Amino acid sequence: MRIARFSIDGNVGFGVLEGDELDVIKGHPFAEFERSGQKVPLDKVRLLPPVLPNKVVAIGRNYAEHAAELGHAVPDTPVTFFKPSTSVIGPGDPIAYPSFSQEVHHEAELAVVIGRMCREVPRERVKDVILGYTCANDVTARDVQQREQQWARAKGFDSSCPLGPWVETGLDPADIAAGLAVQCTVNGEQRQLGRTSDMVRPVEDLIVHITEAMTLLPGDVILTGTPAGVGPLNVGDEVAVTIEGIGTLTNKVIKRG
C-alpha cells in the first residue's frame, strides 16, 4: 500500500492512497492501524514529507558510474553521512538555493523508511525493520562539498532533502535488487536514469552496516546513493525524481529569502 502524510484544514494525518483519495488511518503507520473509512480527495490535501525522521543516514558513492563522474573510486566501505531533520521537505515544497553556494546539484535517490526501532540487524532480518520506500533528492552544494572536508553544510542545508510523495510498503529488498528505474528530470529534461540493481551495496548490506554503529528509530530514513548524471540546479528550475513502483517527487528551486 501507499501511505501518505498530509494536512487539511490545519489537521495532520496519515492516509492510505486509494485511486485519487486518501483513506484516513487511525493512529500512525509504525504500528498496527485501522482505516477509518473517512475518505479525502487527494487534490484537497497538502502532501507533507511522508515521515519526520529523527535522522537521515545517507550513503555516498554507491553507484560506480556516479563515483567515476566525480573522479572518485568506489570506496572499500560505505561512505555514510547525515542530513539533519531540518533539511527535510515534502512534495511541492520549494528547495531554497543556499546563499553560500554557486553550484547546487540534484541527486535522485531511493529512500528506505525504517518501521521499527532496531540495532545490529542481521542480514536475514532486514526486511522486518523496513516500513517501505520513497523518493528522495539529496540536493548538494557541490562547490562547498569540494572545498570543505566535512559534508555537513554541503548536504545538510535547509530544504536539501526532499522526500515523497508517499511511502510504498509493497516493495522489499528483492525488488530493489531486481532493479527499479531511478530517474531525475529538470524542467522536463531527463538528467539521470539508472537502476537500483546498479547499487554497489544493496539495501541489506547498508542497513547491516549502519545498525552496527547506531540505533535506527521508526521514521528514520536511509538514502541509498544516486546514479550517474548529477548536475546543476538553478533558481526557477523544477526538478522531479521518479522511481519505478513508487511515484514522482517534484520540487521547484527558489531564491533563499
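Residues numbered from 1 in each chain as written. Predicted model: local features only at pLDDT ≥ 70, side-chain atom pairs only at ≥ 80, totals over all residues. Heavy atoms only, no water.

For the chain, the name recorded in an unreviewed UniProt entry is 2-hydroxyhepta-2,4-diene-1,7-dioate isomerase, with Streptomyces tubercidicus as its organism.

*Asks:* Quick question: what am I supposed to make of the domain arrangement of the chain here?
*Replies:* How big an interface is tends to be expressed through the accessible area that disappears when the partners come together. Along its sequence, the chain is carved into domain 1 (2-47) and domain 2 (56-255). Taking the mean C-alpha position of each, domain 1 and domain 2 sit 25 Å from one another. In this assembly, nine residues from domain 1 lie in contact with 14 residues from domain 2. Summed over both sides, the interface between domain 1 and domain 2 buries roughly 940 Å², with carbon and sulfur atoms accounting for 60% of that surface. Of all residues in domain 1, Arg-2, Phe-30 and Leu-47 give up the largest surface area on contact with domain 2, accounting jointly for 62% of the area buried on that side. Our count for the contact surface shared by domain 1 and domain 2 stands at two salt bridges. A salt bridge links Arg-2 to Glu-168; the shortest N-O distance between them is 2.9 Å. (Domains from an automatic or database assignment. Contact = heavy atoms within 4.5 Å. Buried area = accessible area lost by both parts, 1.4 Å probe. Salt bridge = Lys/Arg side-chain N within 4 Å of Asp/Glu carboxyl O.)

*Asks:* Would you take a moment to explain the sheet that holds strand S13 (residues 140-141) for this structure?
*Replies:* To summarise the sheet geometry, strands pair through backbone hydrogen bonds and adopt either a parallel or an antiparallel arrangement. With antiparallel pairing, three strands are arranged side by side in an open sheet as S13-S10-S18. Sheet topology places S13 and strand S18 (231-233) at the edges, where each strand pairs with a single neighbour. Note that strand S10 (residues 104-106) and S18 share three bridges and pair antiparallel. Directly across from Val-104, in S18, lies its bridge partner Leu-233. (Pairing = 2+ DSSP bridges. Helix = DSSP H or I, 4+ residues; strand = E, 2+ residues; numbered from the N terminus.)

*Asks:* I keep staring at the packing of aromatic side chains and nothing clicks. Help me out?
*Replies:* Think of a pair of aromatic rings as described by two things: how far the centres are apart, and how the planes are tilted against each other in angle. Summed over the entire model, instances satisfying the criterion amount to two aromatic pairs. Consider the rings of Phe-81 and Trp-151, whose centres lie 5.2 Å apart with planes at 65°: the pair is edge-to-face. In this pair, Phe-81 sits in strand S7 (residues 79-83) while Trp-151 sits in the loop between helix H2 (142-147) and helix H3 (152-156), placing the two residues 70 residues apart along the sequence. Under the relative-accessibility criterion, Phe-81 is labelled buried at 9%. Assessed through its relative accessible area of 17%, Trp-151 is described here as buried. With 6.2 Å between their ring centres and 85° between their planes, Phe-100 and Phe-157 make a pair best called edge-to-face. Taken together, the residues span a long stretch of sequence, with Phe-100 in the loop between strand S9 (95-97) and S10 and Phe-157 in the loop between H3 and strand S14 (161-168) at a distance of 57 residues. A relative accessible area of 5% means that Phe-157 is categorised as buried. (Phe/Tyr/Trp six-rings, centres within 6.5 Å; stacked < 30°, edge-to-face > 60°. Buried < 20%, exposed > 50% of the residue type's maximum accessible area, 1.4 Å probe, protein only.)

*Asks:* Looking at this structure, I do not really get the sheet that holds strand S16 (residues 189-195). What am I missing?
*Replies:* Spatial ordering of the open sheet is given by S9-S20-S19-S15-S16, a layout of five strands whose pairing is mixed. With partners counted over all chains shown, the strands left at the sheet margins are S9 and S16, one partner each. Going from strand to strand, the sheet's axes swing by 20° on average, the running direction of each strand aside. Bridge count between S9 and strand S20 (residues 247-255): three bridges; the pairing is parallel. The partner of Ile-95 across the bridge, within S20, is Val-253. (Axes fitted to C-alpha atoms, helices over the stretch in contact; angles between N-to-C directions.)

*Asks:* Honestly, unusual backbone geometry in this entry has me stumped. Any pointers?
*Replies:* Outside of glycine, negative phi angles account for most residues, and trans bonds account for most peptide bonds. Following Gly-164, the chain continues to Pro-165 via a peptide bond in cis, the omega torsion being 5°. Tracing the backbone through its elements, the reader meets Pro-165 in strand S14. Of note in this structure, Asp-9 is not a glycine but carries a positive phi near 55°. Relative to the assigned elements, Asp-9 resides in the loop between strand S1 (2-8) and strand S2 (11-18). With a phi angle near 55°, Arg-61 is a residue other than glycine that sits in the positive phi range.

*Asks:* So what exactly am I meant to see when it comes to the UniProt feature "domain: Fumarylacetoacetase-like C-terminal" (unreviewed entry) in the chain here?
*Replies:* Sequence positions flagged by UniProt for "domain: Fumarylacetoacetase-like C-terminal" (unreviewed entry) are, in local numbering, residues 55-253. End C-alpha to end C-alpha, residues 55-253 measures 24 Å, and it is 16% helix and 38% strand. (UniProt positions renumbered as here; feature names shortened; annotations may be inferred.)

*Asks:* Quick question: what am I supposed to make of the UniProt feature "domain: Rv2993c-like N-terminal" (unreviewed entry) in the chain here?
*Replies:* Mapped onto the present numbering, the UniProt feature "domain: Rv2993c-like N-terminal" (unreviewed entry) falls at residues 1-50. For the annotated span residues 1-50, helix accounts for 0% and strand for 62% of the residues, and the straight-line distance between the end C-alpha atoms is 13 Å.

*Asks:* I keep staring at the pattern of salt bridges and nothing clicks. Help me out?
*Replies:* A side chain of one charge can pair with a side chain of the opposite charge if their charged atoms are brought near each other. Applying the stated criterion across every chain yields a total of 16 salt bridges. Between Lys-26 and Glu-34 there is a salt bridge, with the nearest N and O atoms lying 3.8 Å from each other. The salt bridge involving Asp-93 is made with Arg-46; its shortest N-O contact spans 3.0 Å. Here Asp-93, found in the loop between strand S8 (88-89) and S9, pairs with Arg-46, found in strand S5 (residues 46-47); they are 47 residues apart in sequence, far enough to count as distant. We classify Asp-93 as buried; its relative accessible area is 11%.

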